[in-house]
Amino acid sequence: MTRKQALKYGLVGVAGVCGAGAVACYLRSALNSRRPPQVSDIPPLTEKMWDLWKKRGWSREARHYVRLEEGIVKCLLCPNHCLLEPKQRGRCSNRINWDGRLYTLVYGNPCSFHIDPIEKKPLMHFLPSTGVFSIATSGCCLRCLNCQNWEISQKRPEETKDASGDEVRATPQRVNALTMQDAARLSMFPEDVVNLAERFRCPSIAYTYAEPIVFYEYMQDAARLAHEKNIKNVWITCGHITSHALEELCPLLDAANVNLKSHSEEIYADLNAGRLYPVLEALKILKDHGVWFEVTNLIVPTYTDKTDMIRRMCDWLLENIGPDYPLHFSRFHPAFKLTHLPPTPLDILLEARNIARQAGLRYVYIGNVRELEDAETTFCPRCKKAVVERIAFSVVGFHLKNGKCGFCGESIVGVWTA
Ligand code: SF4
């Protein structure tokens with residue numbers, strides 16, 4: 001085992017003091033704890049809990065699945081394609097086979113909501129300096145070892161919400177005075193989401209934080225109502241979705257940030273318990289539908305920091321998507337199962353930015369760093385001047401006129417006004 005492999009599995013410092021048997025034992029247990037949950041591992045929902053969920057309106061029939069023989073259903077929402085026997089739940093924890101039909105358990109019950117600057121998503125070329133009303137439910141179709149939001153993404157709905165007691169409805173009047181107990185019982189149905197976005201004067205709603213694919217029906221209904229009120233929809237996602245589900249969603253989307261986790265099927269399997277191919281397809285579908293999107297690539301030491309892979313990823317983006325969709329390299333911070341790894345060194349992030357620029361990508365950013373003054377700056381691809389300067393998600397200099405560089409007149413792609 002090389003030092004790099006030892007670092008990857010958290011064995012640095014252990015190998016030196018233990019015998020080979022102890023190391024093998026440690027490695028086995030470390031790997032077991034990283035095993036993604038299988039459908040059979042997820043505890044079933046009790047009848048009582050199901051009744052409470054139904055009463056609240058938090059369970060709704062899913063929109064992308066097929067019914068098979070003997071009460072089995074197959075979820076067609078994400079490429080995991082979970083095959084579920086009666087009462088079983090999908091790998092995301094929040095889809096369940098109940099009496100031979102598939103239900104979502106997270107309709108109208110977000111476990112998190114907030115107003116963020118749009119730059120934090122990150123979206124640098126979409127309605128700059130605006131606030132975005134952001135919601136999330138529990139659950140995720142992936143299992144990233146480095147997940148920053150694992151406290152919601154790796155939880156079951158009943159671990160983040162409480163269906164006992166009286167309902168608390170998210171009205172604009174009530175939402176500012178919520179206690180922690182209220183928040184756990186909060187129902188926020190699609191019309192409430194839109195009312196709240198309006199109340200807080202947010203021109204867009206973000207489906208974000210954990211993974212909105214697994215609250216698809218809730219997102220789709222909120223997005224439809226948002227468009228009726230001229231509010232835009234922003235999808236912050238891993239992109240691990242089936243093509244037909246995404247095609248159906250695209251007309252409701254105005255912007256997206258897709259987390260392209262690596263350019264390797266092996267690393268996707270190892271680090272994220274997912275697949276690369278469907279994510280690449282999702283990027284092509286978004287482009288074909290004219291949805292504005294930006295791509296984020298988190299550089300995780302020992303996993304996704306190889307320069308040849310970063311180069312392949314940039315070449316793929318250039319060839320298949322073109323030079324104008326922004327790419328964000330993001331710094332890893334130790335989290336979830338990878339607390340033993342160091343934060344991404346700054347020189348690797350700078351090298352990645354150089355590789356992307358040399359490949360021909362026009363807008364390249366670095367996220368989660370404080371040391372670099374120009375990490376979040378948009379440069380004109382023609383005259384190279386700074387046209388939008390940002391510090392810590394705030395725009396501090398804006399030199400665009402009608403979407404064109406204020407110095408040389410070059411068009412800067414994006415959605416600059418609502
Ligand atoms: S969304 Fe994905 S992980 Fe969840 S049940 Fe469907 S196929 Fe499984």
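Reading guide: rules and limits
Residues numbered from 1 in each chain as written. Predicted model: local features only at pLDDT ≥ 70, side-chain atom pairs only at ≥ 80, totals over all residues. Heavy atoms only, no water. Salt bridge = Lys/Arg side-chain N within 4 Å of Asp/Glu carboxyl O. Helix = DSSP H or I, 4+ residues; strand = E, 2+ residues; numbered from the N terminus. Buried < 20%, exposed > 50% of the residue type's maximum accessible area, 1.4 Å probe, protein only. Contact = heavy atoms within 4.5 Å. Axes fitted to C-alpha atoms, helices over the stretch in contact; angles between N-to-C directions. Parallel < 35°, antiparallel > 145°, perpendicular 65-115°, else oblique. Left-handed = near helix turned anticlockwise from the far one by under 90°. Nonpolar A, V, L, I, M, F, W, Y, C, P; charged D, E, K, R; others polar. Pairing = 2+ DSSP bridges.

In total, this model carries 18 salt bridges according to the counting rule given. Taking the shortest distance from any N to any O, the salt bridge between Glu47 and Lys87 comes out at 3.9 Å. Of this pair, Glu47 sits in helix H3 (residues 47–56) while Lys87 sits in the loop between strand S4 (83–84) and strand S5 (95–98), and the two are 40 residues apart along the sequence. Look at Glu47 and you get partly exposed, because its relative accessible area is 49%. Using a relative accessible area of 31% as the deciding quantity, one classes Lys87 as partly exposed. Across the pair Asp192 and Arg169 runs a salt bridge, and its minimum N-O distance is 2.6 Å. One end of the pair, Asp192, is in helix H7 (residues 190–199); the other, Arg169, is in strand S9 (residues 168–169), with 23 residues separating them in the sequence. Given the relative accessible area of 29%, Arg169 is considered partly exposed. The network of salt bridges with common partners includes Arg89, Arg156, Glu158 and Glu159.

On the secondary structure map, Leu246 appears in helix H9 (residues 243–249). Along the primary structure Leu246 and Glu281 are separated by 35 residues, whereas in three dimensions their C-alpha atoms are 10.0 Å apart. Filtering out sequence-adjacent residues up to four positions away, Leu246 remains in contact with Trp235, Ile241, Leu253, Ala282, Ile285 and Leu286.

It is at 8 Å that the axes of H7 and helix H8 (residues 216–228) come closest, and there the two elements cross at 50 degrees. Considering their axes alone, H7 and H8 lie oblique with respect to each other. H7 and H8 meet at a crossing whose hand is right-handed. From H7, Pro190, Glu191, Val193 and Val194 reach across to H8, where they touch Tyr218, Asp221, Ala222, Leu225 and Ala226. Grouping the amino acids of the contact of H7 with H8 by side-chain chemistry returns seven nonpolar, no polar and two charged.

To continue, consider the pairing of strand S6 (residues 101–104). In this sheet, S6 lies alongside strand S1 (residues 60–61) in antiparallel orientation, the contact comprising two bridges. Among the inter-strand pairings, Glu61 is bridged to a residue of S6, identified as Tyr103. Note that S5 and S6 share four bridges and pair antiparallel. Bridge assignment links Asn97 to a residue of S6, and that residue is Leu102. In textbook terms, the turn of a hairpin is the stretch between consecutive antiparallel strands, and for S5 and S6 this stretch comprises two residues, one of which, Asp99, has a positive phi near 55 degrees.

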